[in-house]
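Report on the structure
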Amino acid sequence: MQDRASSPGSLVALTALLLAGPALAQEPAAAPATPPAALETQIGLIYRPQEAPASYDAEAVPEDEGVAGARMGIADDNTTGRFTKQTFKLEERALSEASPDPVAAAKDLVAKGVHYIVLTLPADQVLKVADAVKGTGTVVFNAGASDDRLRGADCRANVFHVVPSRAMFTDALAQYLTVMRWRKVFLIVGPTEADKGYADAMRNSARKFALKVTADKPWTFGPLAKARGDTPTRAEAMVFTRGLDYDMAVVADEEGDWGDYVPYRTVDPRPVGGTQGLTPTTWSPVLETWGAAQAQNRFKRLAGRLMRPLDYQAWMAVRTVGDAVTAKKANDPATITPFLTDPAFGLPAYKGVQLSFRPWDHQMRQPIIVVQPKSLVSVAPEQGFLHQRTPLDTLGIDLPETTCKFP
């Protein structure tokens, strides 16, 4: 029987394979796939630096308030970006006497390809910037103006609010008063338009949560919290609360001129809250739960000081962009803008729950902490305040009451 290995058919096949071998070896190998380029996202910040105090002030506003928070947000974005091949860059524009126009600053950023702009500016300037960049696809993040009208009649479709509205702040305080059964309020209103706006929000919150404003007075004694020495005016202010029936005095002093004077100077022993005393806010050095202590420490290493509410709000705005870009693996506004109001979006922000935007007015839902200078007192929404969507919607203007109409 003939050996199979030496058969003519086998020899022919073997010869063909040997002849083809070199040719096959000379075929070029497939080129390796080109790794995707890193995705870079630019985020603009327009702010007005705080002036240094004329004299010593232990509680002076830091010159980099807000800016330091945005810088920490960019650092956090890039920490995540190292794993996703994404980079983030902060473009800062400081307004000054030489260049005071926020609209010019915004247009300059847009011309350089910046599609996300964070503002720590008053309400009127937020509206001017929003209108100036309308149609460019640019998304504006309001980190500094709590005016309710920005979420109502003056709302803009290209503006997202990371700072709570005044209604959210006063609702948080009203919920705490309801839980404590302190139902009678003495409202003291300062002279500025901001003070009057806060007072209006508090009156609405009182109606919403069945509190009673038993007294409502304007403050007419000047900036006593910043005055030095004793004066006849101080003596008059000490009897300002005489003959009134109330459980808590709520002060509306957004400039901090006189509100700190009221605690411990009422005729009857009563707590004081509002813009001073027991205060609803977004952030405080006393917040330590839900990982906040680690954030406080990181910020202190970065900025050399404690984090303030405006820092936290700027940080939230920058992190909102970073988280959305990371989730969608894209940074074009056409993709990111609708995602911000999608139920799938949620921002972890050291508050124990994911934060999200309300689709009807672009207000970020978030818990409000109620604090005194040395401790965390409560967190709103309080237990027992329920809502068909989320308890967070018990704070601020709900969908049935909104006057915001996006085009």
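Residues numbered from 1 in each chain as written. Predicted model: local features only at pLDDT ≥ 70, side-chain atom pairs only at ≥ 80, totals over all residues. Heavy atoms only, no water.

Once that is clear, we can look at the layout of surface pockets. Volume-wise, the second largest pocket comes out at about 500 Å³. What lines the second largest pocket is a set of 23 residues, and nearest its centre among them are Asp148, Ala167, Ala201, Asn204 and Ile397. Breaking the lining of the second largest pocket down by element, the ones donating at least two residues are α5 (166–180) and α6 (193–208). A total of seven residues in the lining of the second largest pocket trace back to one element, the largest contributor, which is α6. Per-class residue counts for the lining of the second largest pocket are six nonpolar, six polar and eleven charged. (1 Å grid on protein atoms, 1.4 Å probe; cavity = no way out; pocket = protein on both sides within 12 Å on 5 of 7 lines; lining within 4 Å. Points joined across faces, edges and corners; volume = space filled by probe spheres on them. Helix = DSSP H or I, 4+ residues; strand = E, 2+ residues; numbered from the N terminus. Nonpolar A, V, L, I, M, F, W, Y, C, P; charged D, E, K, R; others polar.)

Moving on, we get to α6. Between its first and last C-alpha, α6 extends 23 Å over 16 residues, near the 22 Å set by a 1.5 Å rise per residue. Among all positions in α6, only Ala194, Asp195, Gly197, Tyr198, Ala199, Ala201, Met202, Ser205 and Ala206 are buried. Ala210 sits one or two residues past α6 and shows a positive phi near 60°. (Expected span 1.5 Å × (residues − 1). Buried < 20%, exposed > 50% of the residue type's maximum accessible area, 1.4 Å probe, protein only.)

Turning our eyes to something else, we now look at the packing of aromatic side chains. Considering all chains together, one arrives at 17 aromatic pairs under this definition. Centroid distance Trp219 to Phe221: 4.9 Å. Interplanar angle 75°. Geometry classified as edge-to-face. Taken as a pair, Trp219 and Phe221 share a single burial class, namely buried. Here Trp315 and Tyr350 contribute two aromatic rings whose centre-to-centre distance is 5.4 Å and whose plane-to-plane angle is 35°, an arrangement assigned as tilted. With Trp315 in helix α9 (residues 309–328) and Tyr350 in the loop between β11 (347–348) and β12 (354–357), this pair connects stretches of sequence that are 35 residues apart. Judged by relative accessible area, Tyr350 falls into the partly exposed class, the value being 21%. Between the NZ or CZ atom of Lys217 and the centre of the ring of Phe240, over which it lies, the distance is 4.9 Å. (Phe/Tyr/Trp six-rings, centres within 6.5 Å; stacked < 30°, edge-to-face > 60°. Lys NZ or Arg CZ within 6 Å of the ring centre and 35° of its normal.)

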